[in-house]
Structures are given as C-alpha cells and as structure tokens.
Amino acid sequence: MNIYTSENAILIIALTALVTYSMRVGGLLLAGYLPTGGRFSRALKALPGTILISLAAPGFFNEGLIGFAGGIVTVAMAFKTKNVFLAMLSGMLVVALGRLFL
C-alpha cells in the first residue's frame, strides 16, 4: 500500500492548515484571559527569544567551532546594534569565511 499519493498530500496539507489556523484563533481567543503582569508576563515576553535560540542552537553546534563562533557573533551583534538582520548577516559572514579559510 502506497501512502505517498497526491490525495494524501492534499489531505495532510489541509489538516495542517486547519490545525495551524485553529491554534492561531485559539491563541487570540484566550489572550484576553492571560495575566498582564508578574512572572507570567515576563515569561511570555521572553518566549520569542527562547524559541529562536532553540531553533538556531542545533545549527550552531552542528557546524562545530565555526558555527559556534557565528552564533556568538550573531548574538553579540544583535545586542550591540539591535538590528537582527545585520546580526544575522555578520554571523553568516563569520561562518562563510570560516568555511572558506579553515
């Protein structure tokens, strides 16, 4: 039995879209019930950064020393310049130069 058919692909895409839409709508509906101060509020404000780090950290460590150096440069530039795009470019430059010369 072949499960990799175009009908199954369309069904999976539709279900994924439905789940994504449901999560977004659910978040909007429940947002009014969340506390606006205290520890929970601070945790919610820190959440985007932690998600970004959890997505980027495996790539940094997978590249070895060059990737780790690129990650450190990216984080340092983000804090110094407050420009995420410039920070990402500088980290990519470090990795590219490291791959070229090492």
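Position labels on residues start from 1 in each chain and follow its written sequence. Predicted model: local features are reported for residues with pLDDT of at least 70 only, side-chain atom pairs are reported and counted for 80 or more only, and whole-chain, interface and lining totals are derived from all residues. For side-chain calculations, the full set of non-hydrogen atoms in the structure is used, while hydrogens and water are omitted.

Caption draft 1: Fine view of the environment of Gly67. Counting from the N terminus, the helices are DSSP H or I runs at least four residues long and the strands are E runs at least two residues long. Relative to the elements of secondary structure, Gly67 occurs in helix H3 (residues 65-81). Under the scheme applied here, a residue whose accessible area is under 20% of the maximum for its type counts as buried, over 50% as exposed, and between as partly exposed, the area being computed with a 1.4 Å probe on protein chains only. Owing to a relative accessible area of 2%, Gly67 belongs among the buried residues under this scheme. Between the C-alpha atom of Gly67 and that of Ala96, which follows or precedes it by 29 residues, the distance is 9.6 Å. If sequence neighbours within four positions are ignored, Gly67 has contacts with Phe60 and Val95. Pairs of residues are marked as contacts when any of their non-hydrogen atoms sit within 4.5 Å.

Caption draft 2: The packing of H3 against helix H4 (residues 84-101), seen in detail. Running from amino to carboxyl end, H3 crosses H4 at an angle of 155°, the nearest separation of the two axes being 8 Å. Relative to H4, the element H3 lies roughly antiparallel. For the pair H3 and H4, the crossing hand works out as right-handed. Across the interface between the two elements, Ile66, Gly67, Ala69, Gly70, Val73, Thr74, Met77, Ala78 and Thr81 from H3 touch Leu86, Ala87, Met88, Ser90, Gly91, Val94, Val95, Gly98 and Arg99 from H4. Polar here means any residue other than Ala, Val, Leu, Ile, Met, Phe, Trp, Tyr, Cys and Pro, which are nonpolar, and Asp, Glu, Lys and Arg, which are charged; Gly is therefore polar. Class assignment for the residues of the contact of H3 with H4 results in ten nonpolar, seven polar and one charged. Between N-to-C directions, angles span 0 to 180 degrees; the directions come from axes that are lines fitted to C-alpha atoms, helices contributing only their stretch in contact. For classification, angles of less than 35 degrees are called roughly parallel, those exceeding 145 degrees roughly antiparallel, those between 65 and 115 degrees roughly perpendicular, and all remaining angles oblique. Two helices that cross are described as forming a left-handed crossing if the nearer one is turned anticlockwise from the farther one by less than a right angle, and a right-handed crossing if clockwise.

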